[in-house]
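Coordinate inspection notes
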Amino acid sequence: MRALLVVLALVLSACSSGGGDGGRTTIVFWDNNGGPGRTPIYEELIKRFEAANPDIDVEYVGIPSSSVQQKYDTAIAGGSTPDVGGVTTSYLAHLVGQDALVALDDRVEGSGLRGKLLPSLVETVRQTAPDDKLYSVPSSGNMDVVWYRTDWFTQAGITPPRTWDELVAAAEKLTDRAANRYGYTIRGGAGSVFQLLTEAYSYSGVTEFFSGGKSTVGDERNAELVGKVAALYKKATPEADVNNSYTQMVAQFTGGSVGMMHHNLGSYGDVTKALGDRVAAMPLPVGPSGKRTVVPNPTDGFAVFKNSENQDAAWKFVEFLTSKESNSYWNEKVGQIPANTDVRDAAWIASNQPVKMALGVLEDPATVTVPAPVYLPQYSSITKTDSEPQYQKVLLGELAPQAFLDEMATKLTAAQKEWEERK
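Residues numbered from 1 in each chain as written. Predicted model: local features only at pLDDT ≥ 70, side-chain atom pairs only at ≥ 80, totals over all residues. Heavy atoms only, no water.

As recorded by an unreviewed UniProt entry, the protein carries the name Sugar ABC transporter substrate-binding protein and is attributed to Saccharothrix mutabilis subsp. mutabilis.

Written out as structure tokens, the structure is:
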């Protein structure tokens, strides 16, 4: 009964947009990752927006990230979408495919956001859409990094590794199994394969996920990296790594038994709360080519829904959320990369080593971004359900890295062909 009431509340709130009392307009905003960490930030921003726009009320609805795509699908099917919704590129193509969103290219060009959005984030949004249009205004970026114990590195006389071979050597040097100290930790459980792919492409220097319609995942240089990582298992990593999801992995790192951990900026709060100034971040190392290739994380942004009867007010809210002041406030609180380039010189960035480092990587013209094909309907099932158990076999020495990647590549190639034919 409670679940039914929650669903009814969402539907009713989505339907409530329209003219309010005294000529006021009410727009409904769905936060795609509602919770105690983010809801208060939006509440403050909405208060500021309503003060600056006294003719517009914003109704906030926080939805857990685990169920937001399903909620959007239900709302689209029922014609009860919000006016504005938070979206990420992981499911943006799915929403575009249902003709649910408004292309915002002209809105951006005619606003104060023109030329003010980080090009690499804009590109990831455009590449997600089948027609290369901007169906979401990017607000925050994320990047995979290697978190490392600065105190361990100082004690061992090691500098942050620039290449994967240097990382392997550092992991081995930092390991003291008798003292339960390990140089590195591998995410072998839930969520492992996306991280592995970012490592593989950072090493191989391959600049696209598909070449001539064929997946490049099976490139032998990618397989070489998978082999290097697998060789560290139980040698310079805890044995429990084969089953570790994010929660267990970060617990090992913050608990003091691991010297390096690959995740992304999203773990900034966890690692700095536990380790303070004893932790820092570095970009994923490069391979023999020396080329910096980055597989971007899903990009957060805001979309306007076609079903909205108040698209001008909805756009005004999106423009406000991605303005310099709001975008700075939001990203300082969550520790991510601001999309608005005017935030680049904000004081908080200068003191936030991980974000400052990540911005430097993304702004470097030599950096090549390699967006994963998250637009494929089968992408999640291929990289999670199908591939995560296979990766565990690689770590246990039961499956060769090349065979593992070839199997994944075959499935991705078939999915890409099917998508191209539908498009």
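Structure shown, so let's carry the discussion forward.
Let's talk about the overall build of the protein
When helices and strands are tallied, the protein shows 19 helices and 14 strands. The C-alpha atoms of the protein give 22 Å as radius of gyration, which agrees with the globular expectation for 423 residues (22 Å, within 12%). Across its three principal axes, the protein shows a C-alpha extent of roughly 70 × 50 × 50 Å. Buried residues in the protein amount to 55% of all 423 residues. Within the protein, residue pairs in contact and separated by at least 24 positions form 74% of the contacts whose partners lie at least 6 positions apart. Only carbon and sulfur atoms are counted for the fraction: they give 50% of the accessible area of the protein, which is about 17,700 Å². Taken together, the 38 basic and 50 acidic charged side chains of the protein have centroids lying 4 Å from each other. (Helix = DSSP H or I, 4+ residues; strand = E, 2+ residues; numbered from the N terminus. Rg over C-alpha atoms; globule rule 2.2 N^0.38 Å. Buried < 20%, exposed > 50% of the residue type's maximum accessible area, 1.4 Å probe, protein only. Contact = heavy atoms within 4.5 Å. Areas by Shrake-Rupley, 256 points an atom, 1.4 Å probe, with all protein chains shown as cover. Lys, Arg positive; Asp, Glu negative; His and termini not counted. Charge placed at Lys NZ, Arg CZ, Asp CG, Glu CD.)

Some thoughts on the sheet that holds strand β10 (residues 279-283)
By way of backbone hydrogen bonds, the strands of a sheet pair with one another, either parallel or antiparallel. A sheet is described by the order of its strands in space; here 3 strands give the open sequence β9-β6-β10, paired in antiparallel fashion. Two strands lie at the open edges of the sheet, namely β9 (260-264) and β10, each paired on one side alone. Strand-to-strand twist of the sheet, defined as the mean angle between neighbouring strand axes without regard to direction, takes the value 35 degrees. In terms of strand pairing, strand β6 (residues 144-149) meets β10 through 5 bridges, oriented antiparallel. Across the sheet, the residue bridging to V145 is P283, located in β10. (Pairing = 2+ DSSP bridges. Axes fitted to C-alpha atoms, helices over the stretch in contact; angles between N-to-C directions.)

Quick notes on the pattern of salt bridges
Per the counting criterion, the structure on display carries 19 salt bridges. One salt bridge connects R149 with D151, and the closest N-O pair in it is separated by 2.7 Å. E418 serves as the salt-bridge partner of R422, at 3.0 Å between the closest nitrogen and oxygen. Residue R422 and its partner E418 are both found in helix α19 (residues 401-422); the two are separated by 4 residues, about one turn of the helix. (Salt bridge = Lys/Arg side-chain N within 4 Å of Asp/Glu carboxyl O.)

Focus on the confidence of the model for the protein
It should be kept in mind that the predicted coordinates are not to be read in detail where pLDDT is low. Per-residue confidence for the protein gives a mean pLDDT of 93, with 95% of residues at or over 70. Contacts of residues 1-9 to residues separated by more than four positions or lying in other chains number 0 contacts, the stretch itself having pLDDT below 50. (pLDDT = per-residue confidence, 0-100.)

Some thoughts on the nonpolar core
In this structure, L101, M143 and F317 are the most contacted members of the largest nonpolar core, which totals 78 residues. Top contributing element to this core by residue count: helix α13 (residues 311-321), with 7 residues. In this structure, M143 is in contact with H263, N264, L265, P283, V294, N297, I337, M357, A358, V361 and L362, ignoring residues within four places of it in sequence. In terms of nonpolar packing, the next biggest core, distinct from the first, is built from 54 residues, L174, V226, A230 and A280 among them. (Core = buried A, V, L, I, M, F, W, Y, C linked by side-chain atoms within 4.5 Å.)

With respect to unusual backbone geometry
Positive phi, close to 55 degrees, is recorded for D99, a residue that is not glycine. With respect to the helices, strands and loops of the structure, D99 is situated in the loop between α4 (89-97) and α5 (105-109). Non-glycine residue D132 carries a positive phi angle of around 65 degrees. Topologically, D132 is positioned in the loop between α6 (119-128) and β5 (137-141).

Some points on helix α9 (residues 192-204)
It helps to recall that an α-helix has 3.6 residues per turn; residues three or four apart then point in one direction. Across its 13 residues, α9 extends 18 Å between first and last C-alpha, which sits within 8% of the 18 Å expected from 1.5 Å per residue. Across the 13 residues of α9, 12 count as buried, placing the element largely inside the fold. Listed in full, the buried residues belonging to α9 are S192, V193, Q195, L196, L197, T198, E199, A200, Y201, S202, Y203 and S204. Positive backbone phi, at 80 degrees, marks G205, one or two positions downstream of α9. (Expected span 1.5 Å × (residues − 1).)

Quick notes on the packing of helix α18 (residues 388-395) against α19
Each pair of packed helices gets described by two things: the angle between the helix axes and the distance between those axes. The interhelical angle for the contact between α18 and α19, taken along N-to-C directions, is 170 degrees, at an axis separation of 9 Å. Relative to α19, α18 is oriented roughly antiparallel. Touching Q390, Y391 and V394 of α18 are P401, F404 and E407, all from α19. The residue makeup of the contact of α18 with α19, split by class, is 4 nonpolar, 1 polar and 1 charged. (Parallel < 35°, antiparallel > 145°, perpendicular 65-115°, else oblique. Nonpolar A, V, L, I, M, F, W, Y, C, P; charged D, E, K, R; others polar.)

Things to note about the packing of helix α10 (residues 220-232) against α19
Across the interface, α10 lies against α19 with an axial gap of 8 Å and an inter-helix angle of 130 degrees. Of the possible angle classes, the one that applies to α10 and α19 is oblique. As for how α10 packs across α19, the hand of that crossing is right-handed. Two secondary-structure elements touch here, α10 through E220, N222, A223, V226 and G227 and α19 through P401, Q402 and L405. Along the lines of polarity and charge, the residues of the contact of α10 with α19 split into 4 nonpolar, 3 polar and 1 charged. (Left-handed = near helix turned anticlockwise from the far one by under 90°.)

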